[in-house]
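# Observations on chain architecture
Letter by letter, the chains look like this.
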There are 2 protein chains.
Amino acid sequence: MKLNTKSRYAVMALADMSKFPLDSPVSLRDISLRQSISLLYLEQIFLKLKKNEIVKSVRGSNGGYVLRKDPKNIKLSEIFQAVDQKVKTVGCKKDSKKGCNGKSAKCITHELWDELDLYINNFFENKNLSDLLMTKERRN
Amino acid sequence: MKLNTKSRYAVMALADMSKFPLDSPVSLRDISLRQSISLLYLEQIFLKLKKNEIVKSVRGSNGGYVLRKDPKNIKLSEIFQAVDQKVKTVGCKKDSKKGCNGKSAKCITHELWDELDLYINNFFENKNLSDLLMTKERRN
DNA sequence: TATATACCCGACTAAAATAGTCAAGTATTA
DNA sequence: TAATACTTGACTATTTTAGTCGGGTATATA
Ligand code: FES
Ligand code: FES
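Calculation notes
- Residues numbered from 1 in each chain as written.
- Chains lettered and ligands numbered in written order.
- Predicted model: local features only at pLDDT ≥ 70, side-chain atom pairs only at ≥ 80, totals over all residues.
- Heavy atoms only, no water.
- Helix = DSSP H or I, 4+ residues; strand = E, 2+ residues; numbered from the N terminus.
- Buried < 20%, exposed > 50% of the residue type's maximum accessible area, 1.4 Å probe, protein only.
- Least-squares fit on C-alpha atoms with pLDDT ≥ 70 in both.
- Contact = heavy atoms within 4.5 Å.
- Expected span 1.5 Å × (residues − 1).
- Arc of directions from axis to C-beta.
- Polar contact = N/O pair within 3.5 Å; in protein donor to acceptor, adjacent residues only side chain to side chain.
- Axes fitted to C-alpha atoms, helices over the stretch in contact; angles between N-to-C directions.
- Parallel < 35°, antiparallel > 145°, perpendicular 65-115°, else oblique.
- Left-handed = near helix turned anticlockwise from the far one by under 90°.
- Nonpolar A, V, L, I, M, F, W, Y, C, P; charged D, E, K, R; others polar.
- Near = heavy atom within 4 Å.
- Core = buried A, V, L, I, M, F, W, Y, C linked by side-chain atoms within 4.5 Å.
- Buried area = accessible area lost by both parts, 1.4 Å probe.
- Salt bridge = Lys/Arg side-chain N within 4 Å of Asp/Glu carboxyl O.

### Concerning unusual backbone geometry
Residue and element names in this part refer to chain A. Positive phi, close to 60°, is recorded for Glu53, a residue that is not glycine. With respect to the helices and strands, the residue Glu53 is situated in the loop between α3 (39-51) and β1 (55-58). Classification of Glu53 by relative accessible area gives exposed; the value is 54%. Of note, Asn62 is a non-glycine position whose phi angle comes to about 65°, a positive value. By secondary structure assignment, the location of Asn62 is in the loop between β1 and β2 (64-67). Looking at Asn62, the relative accessible area reads 72%, which means it is exposed.

Encoded structure:
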């Protein structure tokens, strides 16, 4: 049950962006420095965030990325989906007739994992970027 | 966000056992056949379940494994712990002063993942083996 | 008591996933 | 025109996963 770094960094980077004026572009170089994330890796991540319309890019000098929505309207579930972090705790196909072990029927635990997936997705559905900032501010 | 097969099979196998009289030993061979799980792999898994006192073993002919408790008193969290499936979505140490990125402080998202871990653990704390059987029976 | 059954245990390995890096761009602004 | 910063696909080392293998030991029953 681990999160991959891609989704972790995606949330981290977007949370970082949220702390700055939302209309002026933030460069990946700055995020990289502030959050200690490889610039080259960030580029890869932001390409996906851009394709999924979470950010838009501003090229050229003084360019960077800009959030397309207010942080409180960006749910973590969107971010995860954008970077292909699926909450799918088992590999068996939803519609396939075959179960996880190659047998014909769904296995004895199938419903349990379905329920778990829903449960976890629910967490990400109910969290947005600004939630993140608030908990941080409360402490500082 | 995937579950490893070890924990998945562990739950599967124990659920299988729960369907039979709780005092007579169930052999891994039978579980292997019924649930289509490699026997050799099951042995590895049950060694851990035994060490963690979830099952006890009965050696020799007609031997097998026996649940040490009533299925409704075996929480999924115990099973997961036994097979080292930790719900620890990020790698940063709880007590360490260093954050996930090698910096000195906890990162901007640390609290979020802590909360997620608690949330998921809660699911496993509140599910036991007999819950699993019931949902299955309702359908058949 | 022989034999089959079934647990015991450490070591090993192929394959897949992860976490990046690299090279070679293009667009924009100062 | 120089510098900044996004764009894109391919490549790779490392780690993790999902098992297998070999050689045991204990017990029941024929
Ligand atoms: S059939 Fe879906 S988890 Fe086993
Ligand atoms: S410091 Fe713990 S997740 Fe980053």
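### Side note on the relation of the copies chain B and chain A
Structural alignment of chain B on chain A gives an RMSD of 0.0 Å, achieved by rotating through 180° and translating 0.0 Å along the axis. Expressed as an axis order, the relation between the two copies is that of a two-fold axis. For chain B, the smallest separation between a C-alpha atom and the rotation axis is recorded for Met1(B), amounting to 2.8 Å. Of all interface residues in chain B, 100% are interface residues in chain A too; the two copies therefore contact each other through one and the same surface.

### Details of α3(A)
Residue and element names in this part refer to chain A. If you check α3, its first and last C-alpha atoms are 18 Å apart, about what 13 residues at 1.5 Å a residue would give, namely 18 Å. Listed as buried for α3 are Leu42, Ile45, Phe46 and Leu49. Buried positions in α3, seen along its axis, are confined to an arc of 100° and lie on one side of it. Looking at α3, the residues exposed on the side facing more than 90 degrees away from the buried face are Leu40 and Lys51. Tucked into the core, α3 has its buried residues touching α1 (5-18), α2 (28-35), β1, β2 and α4 (76-82). Its side-chain oxygen at 3.3 Å from the backbone nitrogen of Leu40, Ser38 defines the N-terminal cap of α3.

### A word on the packing of helix α5 (residues 110-125) of chain A against helix α5 (residues 110-125) of chain B
Two elements in contact, α5(A) and α5(B), have axes separated by 11 Å at closest approach and are oriented at 150°. In terms of orientation, α5(A) and α5(B) fall into the roughly antiparallel class. Between α5(A) and α5(B) the crossing geometry is right-handed. Touching Leu112(A), Trp113(A), Glu115(A), Leu116(A), Tyr119(A), Ile120(A), Asn122(A), Phe123(A) and Phe124(A) of α5(A) are Leu112(B), Trp113(B), Glu115(B), Leu116(B), Tyr119(B), Ile120(B), Asn122(B), Phe123(B) and Phe124(B), all from α5(B). Looking at the contact of α5(A) with α5(B) residue by residue, the class counts come to 14 nonpolar, two polar and two charged.

### Considerations on the protein's contact with DNA strand D
Residues in contact with DNA strand D amount to 28 residues; listed here are only the nearest, Lys50(A), Tyr65(A), Ser38(B), Gln44(B) and Arg59(B). Sugar plus phosphate: this is where 66% of the atoms of DNA strand D within 4 Å of the protein reside. A distance of 2.5 Å separates a phosphate oxygen of DNA strand D from a polar atom in the side chain of Lys50(A). Between DNA strand D and Asn62(B), the relevant distance is 3.2 Å, taken from a phosphate oxygen to a side-chain nitrogen or oxygen of the residue. Elements with a contribution of two residues or more to the surface near DNA strand D: α2, α3, β1 and β2 of chain A together with α1 (5-18) and α3 (39-51) of chain B. Among the elements that take part in the surface near DNA strand D, α3(A) stands out by supplying four residues, more than any other.

### So, the nonpolar core
Phe46(A) and Phe46(B) are the most contacted members of the largest nonpolar core, which totals 85 residues. Once residues within four sequence positions are removed from consideration, Phe46(A) is found in contact with Ala13(A), Leu14(A), Met17(A), Leu28(A), Ile31(A), Val55(A) and Tyr65(A).

### Observations regarding the interface of chain B and chain A
Accessible area lost upon the coming together of the parts is a frequently used measure of interface size. Each partner contributes residues to the interface: chain B has 44 residues there, and chain A has 44 residues. With both chains or domains summed, chain B and chain A bury close to 4200 Å², and 64% of this area falls on carbon and sulfur atoms. Area buried by chain B at its contact with chain A is led by Met1(B), Ile108(B) and Tyr119(B), which between them contribute 21% of it. Joining chain B to chain A, the criterion identifies two salt bridges. Here Lys127(B) makes a salt bridge to Glu115(A), at a shortest N to O gap of 2.8 Å. Our count for the chain B to chain A interface comes out at nine residue pairs in polar contact (both at pLDDT 80 or more). Secondary-structure elements contributing two or more residues to the side of chain B that touches chain A are α1, α2 (28-35), α4 (76-82), α5 and α6 (129-139) of chain B.

Such coordinate-based values are descriptive only and should not be taken to indicate function.
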